[in-house]
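# A closer look at the structure
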Protein chains: 2
Amino acid sequence: MTRIAAIIGGGVIGAGWAARFALMGWEVRVFDPDPDAERKIAEVMTNAARVLPMLYEAPMPRRGAITCVTTLAEAVSGAEWIQESVPERRDLKHRVIAEIQATCPGDAVLASSTSGFKPSELQQGAARPSQIMVAHPFNPVYLLPLVELVPSAASDADIIARARQILTEIGMYPLHVRAEIDAHIADRLLEAVWREALWLVRDGIATTEEIDNAIRYGFGLRWAQMGLFETYRVAGGEAGMRHFLAQFGPCLQWPWTRLTDVPEFTDALVDLIADQSDAQSGHLGIRDLERLRDDNLVAILRALKQQGAAAGKLILDHDIALRGPLRDEAPLVTVRRVVPVDWTDINGHMNEGRYGQVFSDASEELMTHIGADRAYVAAGHSYFTAETTIKYLAETHAGETITVTTRVTAGQGRKLRLWHEMHRAADGAVLATCNQFLLHVSLETRRSCPPLPHVAEAVERLAAAHAAAD
Amino acid sequence: MTRIAAIIGGGVIGAGWAARFALMGWEVRVFDPDPDAERKIAEVMTNAARVLPMLYEAPMPRRGAITCVTTLAEAVSGAEWIQESVPERRDLKHRVIAEIQATCPGDAVLASSTSGFKPSELQQGAARPSQIMVAHPFNPVYLLPLVELVPSAASDADIIARARQILTEIGMYPLHVRAEIDAHIADRLLEAVWREALWLVRDGIATTEEIDNAIRYGFGLRWAQMGLFETYRVAGGEAGMRHFLAQFGPCLQWPWTRLTDVPEFTDALVDLIADQSDAQSGHLGIRDLERLRDDNLVAILRALKQQGAAAGKLILDHDIALRGPLRDEAPLVTVRRVVPVDWTDINGHMNEGRYGQVFSDASEELMTHIGADRAYVAAGHSYFTAETTIKYLAETHAGETITVTTRVTAGQGRKLRLWHEMHRAADGAVLATCNQFLLHVSLETRRSCPPLPHVAEAVERLAAAHAAAD
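Keep in mind that this is a model prediction, so the values were computed, not measured.

With that out of the way, let us pick up the overall build of chain A. Helix and strand counts for chain A stand at 16 helices and 14 strands. The C-alpha radius of gyration computed for chain A amounts to 29 Å, which surpasses the reference 23 Å derived for 470 residues by more than 25%, pointing to a less compact arrangement than a globule. A principal-axis box enclosing the C-alpha atoms of chain A has dimensions of 90 × 60 × 50 Å. In chain A, which comprises 470 residues, the share counted as buried stands at 51%. Long-range contacts, defined as pairs at least 24 residues apart, comprise 68% of the intrachain contacts of chain A with a sequence gap of at least 6.

Put into structure tokens, the structure is as follows:
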């Protein structure tokens, strides 16, 4: 059965909602009087359709259509979810909500994207207040899971429950905000940082870029996985949250920020926070939490490294600085590394795909050694792997150091054959072998062709040396 | 030549410094009168040695020794870098710095980990103020790259330059803070959030866990890769930073937070921020920035998914919900997915290792289908891959939809042979084939053994059906 979502207001936020619903199989109807709305929605949908499916290993639902309709009534007719994302003016929102309720199904979820208004404010004067709540998402709506779901006392419990269910079904996390306040939760925190950041820029202490670097190379990485309180719990070490509070509580009274109206640091407040932190994380010891934090940070940093972005770019540069040229021995030692935590699978050992990656890294090292390096690739030449046979001889686990030795077993013209052996560094045990057959290609034609002379000579030299050492 | 780092104060921060220096090949001497210091440092070093090398594909330097010494003079003698991480009391820091300078080399970097004091405060009454600066790191010091490097006007330019160089060499990012203020930059932002979070908890609006979720499922993910201002620049859309400021500037005057002493939102401030943002990101169009942001978010979310942590856990659960049982056809369609951005390599196409991962995922789907599912693995049985031969027939790229068809070509006793074909969904072209040989194992003995009857029967049934359809 087709499920229908009505999107009222097709700006960046409304379009993000539209894209997420459509990619999760809903039929989407958008109403926005802006003549540019259709183009803007199509642009957001292009972005979303490129990346949202990348999050999943599972097949995606059949994509729903997004239709821009010319009347609000047409949009909301038969809709199960109605999302209001018009500009942040209370009178406008009241008008739009009245028009929605004039024709929409009485049991539909009617949610507002407002970042500031309380649901009870939106419900004022409404025909059916019980249907209305806040569902405040975060940009980009098609990737970030958080939705602050804020009902008021007048909101209907069944509709709230249905809203939570639907948000979960489209891959979001409904954070049920139990007490309505201006700006809900996240935007209060954002507002506090924003204000402090503006002071720093205004006073000439730091530029926008320096402030961004202070965030993304430091606490931003912690917050992406644990947030504020659990991070501090870990920082408190063996003594836990109470110790952290005792140590850092007094700083609240210091003139560290421009604004020093602070909550009084009473025993009752310490108890409240420490008890909540215990309820949240107390089932895990401090060593477990440290391990979780560190594994997550490694995984995030390695993901950013693969993208060559943010803190990952720093590590990529450092990695290059740490790397020396290969020693010209037979066989070549092409890889020496630790197995990272993001390489293990359900069986608790290194996933078989990662063996292929290690051998691919080994041949890339060999490429640099024979002169088929990044500059050579940039100039339009490369070797592509045509066939590999991998034998898996022993398991290996995160944290173990492995090495790969590589021999050129055949190298004539456009053909290159390598024999890799992966060893456990601790005892030299052979973990896997790889027989790899590569073809030299032109990156322009994507077809095979002979390598340039200096590479051809290096291959022949290695083939001879490795055959002699056999 | 051995390079020596002296760590004065071996708490969580000092121990983190010690671990990072040692893992980057420095000899480390720690002075801390706490009798428990040696144990605590060893614990931090165990954590650090497990994870820091996982960030690198390159071989790590030969690890340096960490020695706990009994006098401060012994620690600093011959040291090139001296890091003071004693408790945050100014009188104590003055005493320790005086003792350090009584014996340390005159050209060593003498850096304080202080999160609050200005370098000029630490320099007061010092024998050689020019040697002293702040190098404020973030926990865990062995993983997070950020160091706020804060000199005063009295600091020596050569020593500052050397400090930046050394921090880069040990894999950190020295953020040179040009104007000294209490708490530098990052902790002012952290303090603002902390204070606001305490109000939220105290007023009963949200628990510590709800606040953490509001961060890690939402803006924490944005900040891990772009920080605050570049994120808002992207949110401004085509109209850019000035548009964003015009739209959200007025919110500063709204009563969204408990503290409303805010900078005046003058034209001069708007110009300052917009110009700095142009200098930072103006070389990239808004579509480029959106793409960078989305690619980074996909990579971070997928990394967390692999860890089963934070926002990645949500996606993992959703992935399972999206997944239906395989249709019992011949061949089986075991994979249907989009190639994500974190799977491409220097040649711009899917890395050969990821082909192996896709085929591994295909066989895992088949496992579920034959009853060798997560519960079967949890009960101590599994199939391990013994050998794969992959033929790479055509390139594939991020964003393309691929499918894998799988046939059981042999299944008798403990042996299982699968034939996978990877197709491009758009035109059905065969991208790669995989001949995969697996052995059934006991996870207790890690040796091969026959599968349980229901699995053996399912394998035989599929082998017969797939042979018939051949």
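Okay, back to it.
Right, let's get into helix 1 (residues 12–23) of chain B. Residue and element names in this part refer to chain B. The end-to-end C-alpha distance of helix 1, which contains 12 residues, comes to 16 Å, matching closely the 16 Å that a straight helix rising 1.5 Å per residue would cover. By the criterion of burial, helix 1 is predominantly enclosed, with 12 of the 12 residues buried. Those residues of helix 1 that fall on the buried side of the exposure criterion are Val-12, Ile-13, Gly-14, Ala-15, Gly-16, Trp-17, Ala-18, Ala-19, Arg-20, Phe-21, Ala-22 and Leu-23. The first or second residue beyond helix 1 is Gly-25, which carries a positive phi of 100 degrees.

With that out of the way, let us pick up the domain arrangement of chain A. By the assigned domains, chain A splits into domain 1 (4–176), domain 2 (186–291) and domain 3 (325–468). One C-alpha centre belongs to domain 1 of chain A, the other to domain 2 of chain A; they are set 32 Å apart.

The next thing to look at is the environment of A:Met241. Residue and element names in this part refer to chain A. For Met-241, the position within the fold is in helix 10 (residues 240–248). In this structure Met-241 comes out as buried when scored by C-beta crowding, with 25 C-beta atoms within 10 Å. Met-241 sits 46 residues away from Arg-287 along the chain, and the two C-alpha atoms are 14 Å apart. Beyond its immediate chain neighbours, meaning those up to four positions away, Met-241 contacts Arg-233, Gly-236, Ile-273, Ala-274 and Ser-277.

Our next topic: the packing of helix 12 (residues 286–307) of chain A against helix 13 (residues 310–322) of chain A. All names here are of chain A. Contact pair helix 12 / helix 13: the axes reach a minimum separation of 7 Å and the direction vectors enclose 75 degrees. Relative to helix 13, helix 12 is oriented roughly perpendicular. Note on element contacts: helix 13 touches helix 12 through Ala-310, Ala-311, Gly-312, Ile-315 and Leu-316, opposite Leu-301, Ala-303, Leu-304, Lys-305, Gln-306 and Gln-307. Residue composition of the contact of helix 12 with helix 13, grouped by class: seven nonpolar, three polar and one charged.

Right, let's get into the interface of chain A and chain B. In this complex, chain A contributes 141 residues to the contact, which on the side of chain B involves 141 residues. Top contributing element to the side of chain A that touches chain B by residue count: helix 7 (residues 186–202) of chain A, with 16 residues. For the side of chain A that touches chain B, the per-class residue count stands at 77 nonpolar, 32 polar and 32 charged. Bridging between strand 10 (residues 381–392) of chain A and strand 10 (residues 381–392) of chain B involves five bridges; their strand directions are antiparallel. The residue of strand 10 of chain B that forms the bridge with A:Thr388 is B:Ile390.

Superposing chain A onto chain B takes a rotation of 180 degrees plus a shift of 0.0 Å along the axis, which leaves an RMSD of 0.0 Å. Such values leave the two copies arranged in the relation of a two-fold axis. Scanning chain A for the C-alpha nearest the rotation axis identifies A:Thr389, at a separation of 2.1 Å. Most of the interface of chain A is mirrored in chain B, where 99% of its interface residues are also at the interface.

Every regular strand shows the same layout, with side chains that alternate between the two sheet faces. Residues and elements named next belong to chain A. In terms of strand pairing, strand 11 (residues 401–412) meets strand 12 (residues 415–424) through 10 bridges, oriented antiparallel. The partner of Ala-410 across the bridge, within strand 12, is Arg-417. Here strand 11 folds back onto strand 12, and the loop between the two strands holds two residues, one of which, Gly-413, carries a positive phi near 60 degrees. Pairing between strand 12 and strand 13 (residues 430–442): nine bridges, direction antiparallel. Residue His-423 lies in a different strand from strand 13, and its bridge partner there is Val-430.

All names here are of chain A. Of the two faces of strand 8 (residues 173–176), the one holding Tyr-173 and Leu-175 is buried and the one holding Pro-174 and His-176 is not buried anywhere. Summarising the sheet, strand 7 (residues 146–150) and strand 8 pair through four bridges and their orientation is parallel. Across the sheet, Leu-146 pairs through a bridge with Tyr-173, a residue of strand 8. Handedness of the crossover joining strand 7 and strand 8 through helix 6 (residues 157–169): right-handed.

All right, on to unusual backbone geometry then. Following A:Ala330, the chain continues into A:Pro331 via a peptide bond in cis, with omega recorded as -5 degrees. Phi at A:Ala183 is positive, roughly 70 degrees, even though this residue is not glycine. Structurally, A:Ala183 is set in the loop between strand 8 and helix 7. Judged by C-beta crowding, with 22 C-beta atoms within 10 Å, A:Ala183 ranks as buried. At B:Ala310, a residue that is not glycine, the phi angle is positive and equals roughly 50 degrees.

Turning to the nonpolar core, a few remarks are in order. One finds A:Ala18, A:Ile82, A:Ile300, B:Ala18, B:Ile82 and B:Ile300 to be the most contacted residues of the largest nonpolar core, which totals 286 residues. Look past the residues within four positions of A:Ile82 in its chain and what remains in contact with it is A:Ala6, A:Ile8, A:Val76, A:Ile100, A:Cys104, A:Ala108, A:Val109 and A:Leu110.

On to the sheet that holds strand 3 (residues 66–68) of chain A. Paired through their backbone hydrogen bonds, the strands of a sheet run either parallel or antiparallel. Residues and elements named next belong to chain A. The eight strands lie next to each other as 3-2-1-4-5-6-7-8, forming an open sheet whose pairing is mixed. Both outer strands of the open sheet, strand 3 and strand 8, are each paired with one neighbouring strand and no more. This sheet shows a mean twist of 25 degrees between the axes of neighbouring strands, independent of strand direction. The sheet contact formed by strand 2 (residues 27–31) and strand 3 spans three bridges and is parallel. Paired with Val-30 across the two strands is Cys-68, which belongs to strand 3. Here helix 1 (residues 12–23) sits on the sheet in contact with strand 1 (4–8), strand 2, strand 3, strand 4 (81–84) and strand 6 (132–137), set at roughly 165 degrees to strand 2. Contacting strand 2 and strand 3, helix 2 (residues 37–51) runs over the sheet at an angle of about 165 degrees to strand 3.

Moving on to the confidence of the model for chain A. With 96% of its residues at a pLDDT of 70 or more, chain A has an overall mean of 91. In the predicted assembly, ipTM is 0.89 and pTM is 0.89.

Residue and element names in this part refer to chain B. Here helix 16 (residues 453–468) spans 23 Å end to end across 16 residues, near enough to the 22 Å set by a 1.5 Å rise per residue. Residues of helix 16 that are buried include every one of Val-455, Val-459, Leu-462 and His-466, and no others. An end-on view of helix 16 places all buried positions within 70 degrees of arc, on one side of the element. More than 90 degrees from the buried face of helix 16, the exposed residues found are Pro-453, His-454 and Ala-468. Buried positions along helix 16 lie against strand 11 (401–412) and strand 12 (415–424).

Cut-off values and rules
- Residues numbered from 1 in each chain as written.
- Chains lettered and ligands numbered in written order.
- Predicted model: local features only at pLDDT ≥ 70, side-chain atom pairs only at ≥ 80, totals over all residues.
- Helix = DSSP H or I, 4+ residues; strand = E, 2+ residues; numbered from the N terminus.
- Rg over C-alpha atoms; globule rule 2.2 N^0.38 Å.
- Buried ≥ 20, exposed ≤ 12 C-beta atoms within 10 Å, placed from the backbone.
- Contact = placed C-beta atoms within 7 Å.
- Expected span 1.5 Å × (residues − 1).
- Domains from an automatic or database assignment.
- Axes fitted to C-alpha atoms, helices over the stretch in contact; angles between N-to-C directions.
- Parallel < 35°, antiparallel > 145°, perpendicular 65-115°, else oblique.
- Nonpolar A, V, L, I, M, F, W, Y, C, P; charged D, E, K, R; others polar.
- Pairing = 2+ DSSP bridges.
- Least-squares fit on C-alpha atoms with pLDDT ≥ 70 in both.
- Right-handed = clockwise from strand over helix to strand, strands pointing away.
- Core = buried A, V, L, I, M, F, W, Y, C linked by C-beta atoms within 7 Å.
- pLDDT = per-residue confidence, 0-100.
- Arc of directions from axis to C-beta.

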